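# A closer look at the structure
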Amino acid sequence: MKRTTLLLVLTVTTAFAQPAAPPDQFFDSNGVRIRYVEQGQGVPIVLMHGYSGTLDRHFIANGVFADLSKDHRAVAVDLRGHGKSGKPHDPKAYGEEMARDVVRLLDHLKIQRAHVAGYSLGAFIAGRLATMHPERLLSVVYIAGLPMRDTSFMDPFAAESIKELESDLPFKSLVVALQPPGAKPPSEDEMRKAMAPLVAANDVKAFAALWRGYRTLAVTDAQLSAVHAPSIVITGSDDLNAAGIPDLNKLHPRIKTVVVEGAQHGGPQGVLRRPEFLAALRPFLTGA
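Attention here is on the structure that accompanies the text.

Helices and strands together make up the secondary structure of the protein, namely twelve helices and eight strands. Over its C-alpha atoms the protein spans a radius of gyration of 18 Å, differing by no more than 12% from the 19 Å that the globule rule assigns to 288 residues. Expressed along its principal axes, the backbone C-alpha trace of the protein runs to roughly 50 × 40 × 35 Å. Within the protein, the fraction of its 288 residues that count as buried is 54%. Here the contacts in the protein between residues at least 6 apart in sequence split such that 76% fall between residues at least 24 apart. Carbon and sulfur atoms form 55% of the exposed surface of the protein, whose accessible area is close to 12300 Å². Each charge class in the protein was averaged separately, 32 positive and 29 negative side chains, and the resulting centres sit 2 Å apart.

The buried fraction of helix α9 (residues 204-213) is high, at seven of ten residues. Along α9, the residues classified as buried are A206, F207, A208, A209, L210, W211 and G213.

Strand order in the open sheet formed by eight strands is β1-β2-β4-β3-β5-β6-β7-β8, and the pairing between neighbours is mixed. In this open sheet, the two strands that pair with only one neighbour each are β1 (25-29) and β8 (255-260). On average, each strand axis in the sheet is tilted by 25° relative to the strand beside it, whichever way the strands run. Packing of helix α12 (residues 275-287) onto the sheet brings it into contact with β3 (43-48), β4 (72-77), β5 (114-119), β6 (137-143), β7 (231-236) and β8, and relative to β6 it is tilted by some 160°.

This part is about the packing of helix α4 (residues 96-108) against helix α5 (residues 121-132). For the pair α4 and α5, interaxial distance at closest approach is 9 Å and the crossing angle is 70°. As far as their axial angle goes, α5 and α4 are roughly perpendicular. Within the contact between the two elements, α4 uses E96, M98, A99, R100, V102 and V103 and α5 uses L121, I125, R128, L129 and M132. Broken down by class, the residue content of the contact of α4 with α5 amounts to eight nonpolar, no polar and three charged.

Counting residues in each nonpolar core, the largest one holds 63 residues, and the members touching the most others are M48, L105, L121, I125, Y142 and W211. Top element by residues in this core is α5. It accounts for eight residues. In this structure, V64, F65, L68 and A263 belong to the second largest nonpolar core, which totals 28 residues.

The next subject is the packing of aromatic side chains. Following the criterion strictly, the structure yields six aromatic pairs and no others. Between the aromatic rings of F27 and Y36, the centroid separation amounts to 6.1 Å while the plane-to-plane angle is 65°, which identifies the pairing as edge-to-face. Comparing F27 with Y36 shows no difference in burial state: the two are buried. Ring plane angle 90° and centroid distance 6.4 Å describe the contact between F171 and F207, whose orientation is recorded as edge-to-face. On the criterion of sequence distance, the pair formed by F171 in the loop between α6 (155-165) and α7 (172-177) and F207 in helix α9 is long-range, its members being 36 residues apart. Pair check on accessibility: F171 and F207 agree, each one buried. Seen from the ring of F26, R33 lies directly overhead, with NZ or CZ sitting 3.7 Å from the centre.

Inspection of the secondary structure assignment puts E164 in helix α6. Within the buried set, E164 has no salt-bridge partner at all; the shortest N-O distance to an opposite charge, 6.6 Å, is to K172. Within the structure, E164 has its side chain in polar contact with the backbone nitrogen of K172 (distance 3.4 Å). When neighbours within four sequence positions are excluded, E164 is seen to be in contact with L169, P170, F171, K172 and S173.

On to helix α8 (residues 188-201), then. The terminal C-alpha atoms of α8 lie 20 Å apart, and with 14 residues this matches the ideal 20 Å at 1.5 Å per residue to within 8%. The sharpest bend along α8 measures roughly 40° and falls at M195, with the proline P197 sitting one to four residues further on. Residues of α8 that are buried include every one of M191, M195 and L198, and no others.

The element β3 is extensively covered by neighbouring structure, given that five of its six residues are classed as buried. Bridge count for β3 against β4 is six bridges, and the pairing is parallel. Bridging from a neighbouring strand, V43 pairs with H72 of β4. In the sheet, β3 pairs with β5 via four bridges, with the strands oriented parallel. Residue pairing in the sheet places L47 in a bridge with A117 of β5.

About the thresholds
- Think of each chain on its own: its residues are numbered from 1, step by step along the sequence as written.
- Local features in this predicted model are restricted to residues of pLDDT 70 or higher, and side-chain atom pairs are both shown and tallied only at a pLDDT of 80 or more, whereas totals for entire chains, interfaces and linings draw on every residue.
- Excluding hydrogens and water, the side-chain figures rest on all heavy atoms present in the structure.
- Here a strand is any run of E in DSSP of at least two residues, a helix any run of H or I of at least four, and the numbering for each starts at the N terminus.
- The globule rule used here is 2.2 Å times the number of residues to the 0.38 power, and the radius of gyration it is set against is calculated over C-alpha atoms.
- Only protein chains enter the calculation, and the probe is 1.4 Å; a residue is then buried if its accessible area is under 20% of its type maximum, exposed if over 50%, and partly exposed in between.
- What makes two residues a contact is simply this: any of their non-hydrogen atoms within 4.5 Å.
- Using a 1.4 Å probe, the Shrake-Rupley method yields the accessible areas, and only the shown protein chains count as cover for residues.
- For the charge count, each Lys or Arg is scored as positive and each Asp or Glu as negative, with His and the chain ends excluded.
- Just so you know, the charge point we use is NZ for Lys, CZ for Arg, CG for Asp and CD for Glu.
- In this analysis, strands are considered paired if DSSP registers two or more bridges between them.
- Lines are fitted to the C-alpha atoms to define the axes, a helix being fitted only along its stretch in contact, and any angle between axes, read from their N-to-C directions, falls within 0 to 180 degrees.
- Put simply, angles under 35 degrees are roughly parallel, angles over 145 are roughly antiparallel, angles from 65 to 115 are roughly perpendicular, and the rest are oblique.
- All residues other than Ala, Val, Leu, Ile, Met, Phe, Trp, Tyr, Cys, Pro, Asp, Glu, Lys and Arg, Gly among them, are scored as polar; the first ten of these are nonpolar and the last four charged.
- Think of a nonpolar core as a cluster: buried Ala, Val, Leu, Ile, Met, Phe, Trp, Tyr and Cys residues, connected wherever their side-chain atoms sit within 4.5 Å.
- Here the aromatic set is Phe, Tyr and Trp, taking the six-membered ring for Trp, and pairing holds for ring centres within 6.5 Å; pairs whose planes are under 30 degrees apart are stacked, those over 60 apart are edge-to-face, and all others are tilted.
- In this scheme, the term charge over a ring applies when either NZ of a lysine or CZ of an arginine sits within 6 Å of the ring centre and within 35 degrees of the ring normal.
- The rule for a salt bridge is simple: a side-chain nitrogen of Lys or Arg has to be within 4 Å of a carboxyl oxygen of Asp or Glu.
- N or O atoms closer than or at 3.5 Å make up a polar contact, with two conditions inside protein: a donor-capable atom paired with an acceptor-capable one, and, for residues adjacent in sequence, both atoms drawn from side chains.
- How far a helix is expected to stretch is found by multiplying one less than its residue total by 1.5 Å.
- To get the bend at a residue, fit one axis to the 7 residues ending there and another to the 7 starting there, then take the angle between the axes.

Set out below in structure tokens:
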């Protein structure tokens, strides 16, 4: 697998010291137990993390959740298949069902409308949610990701991911991709040691099911054009998603875009860890 394809949706799994999360809460989403946390008062915003991530790593650790909860009712969710949420092995339990989880969460919390922000895989979910239930959204924020208008670029990644996840080296591509440029390829023993925490923390069968069912997250340009909720993309100049922005701007000029110079998809220089992220997000939320 090409490094560029991998980094489009995978996020660096480096552990960072992080603030304490609010108490875990759970609700039943059509038979799947979903974990969420909430904090603060004000206009609600729902945060969705990326593939192989958790709400803790992508929103708590970097202070984004705490910052937004100062003047919003901030809600962050562990996507199904991830973290402390349920991990079904049926491909039909993924795709647009992940968008329905957000609607069910809003119903559970008795929230009529909310801002919705999705990071990486979460951005795909946000795009599908916007086309399925626009009446529930105050705005849509795509972070380090774009609405998925075509599955052709993701299909090879999904197919190879399934094959790898069902092998005895389920995170081989991730381990190889995260090697420093020019580094000697890791041995099989080194790869097994590096991927051990990932295997222990995740359900590889659930991830394989996710990639078998992900295609229903795709949206058409006609569907996207019908979304009138204010929308914004915030990504890094060193993130491959930035290459798709000119085409998105041409076809969907109502979707604002902010490109943070030098920011990457994830890791220490990931866009979520850059001050420019909140500097762009906050005025957008105020004006939405």
